[in-house]
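Coordinates in review
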Amino acid sequence: MSMSSNEKDTKSLTELLSKLQNLYHQKKEQLEVLHQEIEELRSILASLNTLISTKSFLSADQLYSEKKKPSDDYFKEDVSNEEFKGTNVKRKIFSEDKNEDEHLICILNFYDYKKVNIKFIDPEIRAIDETNENFLNIFLRGALIKIKETNPDLNISYDFYRDTKLIEFININNLTSIKDYDLITEKIRELLFVQLDKIP
C-alpha cells in the first residue's frame, strides 16, 4: 500500500526536524566549548594585566624572579586553599580519525585545586556509562578508587546526555593533589582511546 501525499510530507518534515534538532544540539555544545575557552582567555588576560600594571617598574630579572616563585609554589601540597581560589588547570584531549583530522573529544577543568569537571564531547559517540567495563576497569579502579584510599572525602557525580544513561559530565569533588589530577587525566585519555577503537 503506497503512502499518501500527507504521510510523505509528514515523514519528510519529521526527518528534517530530527536533522535540525541534532544540528542545534551540536552547535549548542560547540558554543559551550567556546564559552569555556573565552572564560579561560579572559582569566589569563586579567592576570597579565594585573602583572603588568603592578610589576611594570621592576627590572626584567626582578620580574622573572617574582613570576618564578608563585609557579614553583603552585604544585606544593602545603599551600593554603585560599591561594588556589579562582585557579583553573584546563586540559584538552584530542584524537585523530581515519582521515587524520584532529578532533576535540574531552575537556578537563581543575577548579580551585578542589573540583574536577570532565566533559565528553559527543557523548553519544563515546558511549560511556556507569556499567561500561572499560569505564569500571580503567577509570574507576585505575584512578578514583586508588585516590579514595588516601582521600576518603573524594566524591563523584555524573550528568547524563539528554535522557540516556550515557555520561556527558563527570564531577569530582574534594581532590587535593595535582598528581591525582594527572592520574585522572591519564586514565580518561586511556579510556577514551580504548573506546575509540570500538567505534566502527
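The structure we're discussing is the one just above.
Everything numeric in this text was worked out from a predicted model, so none of it was measured. Within each chain, residues carry numbers counting from 1 in the order of the written sequence. With the structure being a predicted model, the display of local features is reserved for residues of pLDDT at least 70 and the display and counting of side-chain atom pairs for 80 or more, all residues being used for whole-chain, interface and lining totals. Each side-chain value is worked out from all heavy atoms of the structure, with water and hydrogens disregarded.

The next subject is the side chain of T185. Residue placement: T185 occurs in helix α5 (residues 178–198). For the purposes of these results, a polar contact is taken to be a pair of N or O atoms within 3.5 Å, where, inside protein, one atom must be able to donate a hydrogen and its partner to accept one; residues adjacent in sequence count only when each atom of the pair is a side-chain atom. Within the structure, T185 has its side chain in polar contact with the side chain of R91 (distance 2.9 Å). With near-sequence residues (within four places) excluded, T185 lies in contact with R91, I93 and L108. Runs of E in the DSSP output that reach at least two residues are strands. Runs of H or I that reach at least four are helices, and both are numbered from the N terminus. Throughout, a contact is declared for two residues whenever any of their heavy atoms are within 4.5 Å.

Here we come to the pattern of salt bridges. Salt bridges are defined as contacts in which a side-chain nitrogen from Lys or Arg sits within 4 Å of a carboxyl oxygen from Asp or Glu. This structure, assessed with the given rule, holds three salt bridges. The partner of D182 in a salt bridge is R91, and the shortest N-O contact between them spans 2.7 Å. Here D182, found in helix α5, pairs with R91, found in strand β1 (residues 88–96); they are 91 residues apart in sequence, far enough to count as distant. Think of it in three bands: residues with accessible area under 20% of the maximum for their type are buried, residues over 50% are exposed, and the middle band is partly exposed, with areas taken using a 1.4 Å probe on protein chains only. Under the relative-accessibility criterion, D182 is labelled partly exposed at 35%. Here K119 and E168 are joined by a salt bridge, their closest N and O atoms 3.3 Å apart. Here K119, found in strand β3 (residues 115–120), pairs with E168, found in strand β5 (residues 167–173); they are 49 residues apart in sequence, far enough to count as distant. For E168, a relative accessible area of 11% translates into the label buried.

All right, on to a nonpolar patch on the surface then. Each patch is built from residues lacking any salt bridge and having more than 30% relative accessible area; the joining distance is 9 Å for like charges and 5 Å for nonpolar side chains (Val, Leu, Ile, Met, Phe, Trp, Tyr). In short, Shrake-Rupley with a 1.4 Å probe defines the accessible areas, and a residue's cover is counted only from the protein chains shown. Taken together, L13, L16, L20 and L23 make up a surface patch of nonpolar side chains, about 390 Å² in accessible area. Counting through the fold element by element, L20 comes out in helix α1 (residues 5–55).

Right, let's get into unusual backbone geometry. One can expect most non-glycine residues to show negative phi and most peptide bonds to be in trans. With a phi close to 55°, D122 is a non-glycine residue in the positive phi region. Accessibility expressed as a relative area gives 22% for D122, which makes it partly exposed.

A separate point is the environment of N137. The residue N137 is located in helix α4 (residues 133–150) in this model. Overall, N137 belongs to the partly exposed group, its relative accessible area being 38%. With 50 residues separating them in the primary sequence, N137 and K187 have C-alpha atoms 9.9 Å apart.

Turning next to the pairing of strand β4 (residues 155–160). DSSP bridges decide pairing: two strands pair if at least two such bridges lie between them. For β4 and β5, the ladder comprises six bridges, and the chain directions are antiparallel. Residue pairing in the sheet places N155 in a bridge with N173 of β5. Hairpin connection between β4 and β5: a loop of six residues separates the two successive antiparallel strands, and R162 in this loop has a positive phi of roughly 50°.

In terms of nonpolar packing, the biggest core is built from 30 residues, with I118, F139, I170, I184 and I188 touching the most fellow members. Ranked by residue count, the leading element in this core is α4, at seven residues. Among all residues touching I184, those that are not within four sequence positions of it are L108, I118, F139, A143, L144, I147, I172 and L175. What makes a nonpolar core is a set of buried Ala, Val, Leu, Ile, Met, Phe, Trp, Tyr and Cys residues whose side-chain atoms join them at distances within 4.5 Å.

Another point: the environment of Q36. Secondary-structure assignment places Q36 in helix α1. What makes Q36 partly exposed here is its relative accessible area of 22%. The sequence separation of Q36 and K90 amounts to 54 residues, and the corresponding C-alpha distance is 9.7 Å. Sequence-distant contacts of Q36, defined by excluding residues within four places in its chain, comprise K90, I107 and N109.

We now examine the environment of T87. When you line up the elements, T87 lands in the loop between α2 (60–73) and β1. The exposure class assigned to T87 is buried, which follows from its relative accessible area of 14%. With 22 residues separating them in the primary sequence, T87 and N109 have C-alpha atoms 9.8 Å apart.

Aromatic pairing here means that ring centres of Phe, Tyr or Trp (its six-membered ring) are within 6.5 Å. Orientation follows from the plane angle: under 30 degrees is stacked, over 60 is edge-to-face, and everything else is tilted. Going through the model one piece at a time under the given rule, you end up with five aromatic pairs. A ring pair is formed by F135 and Y158, whose centres lie 6.0 Å apart and whose planes are at 65°; its orientation type is edge-to-face. Separated by 23 residues along the polypeptide, F135 in helix α4 and Y158 in strand β4 bring together distant segments of the chain. Accessibility assignment for this pair places F135 and Y158 in one class, buried. With 6.2 Å between their ring centres and 45° between their planes, Y158 and F160 make a pair best called tilted. Residue F160 is classed as partly exposed on the basis of its relative accessible area of 34%. The structure contains a cluster of three or more aromatic residues connected by ring pairs, namely F135, F139, Y158 and F160.

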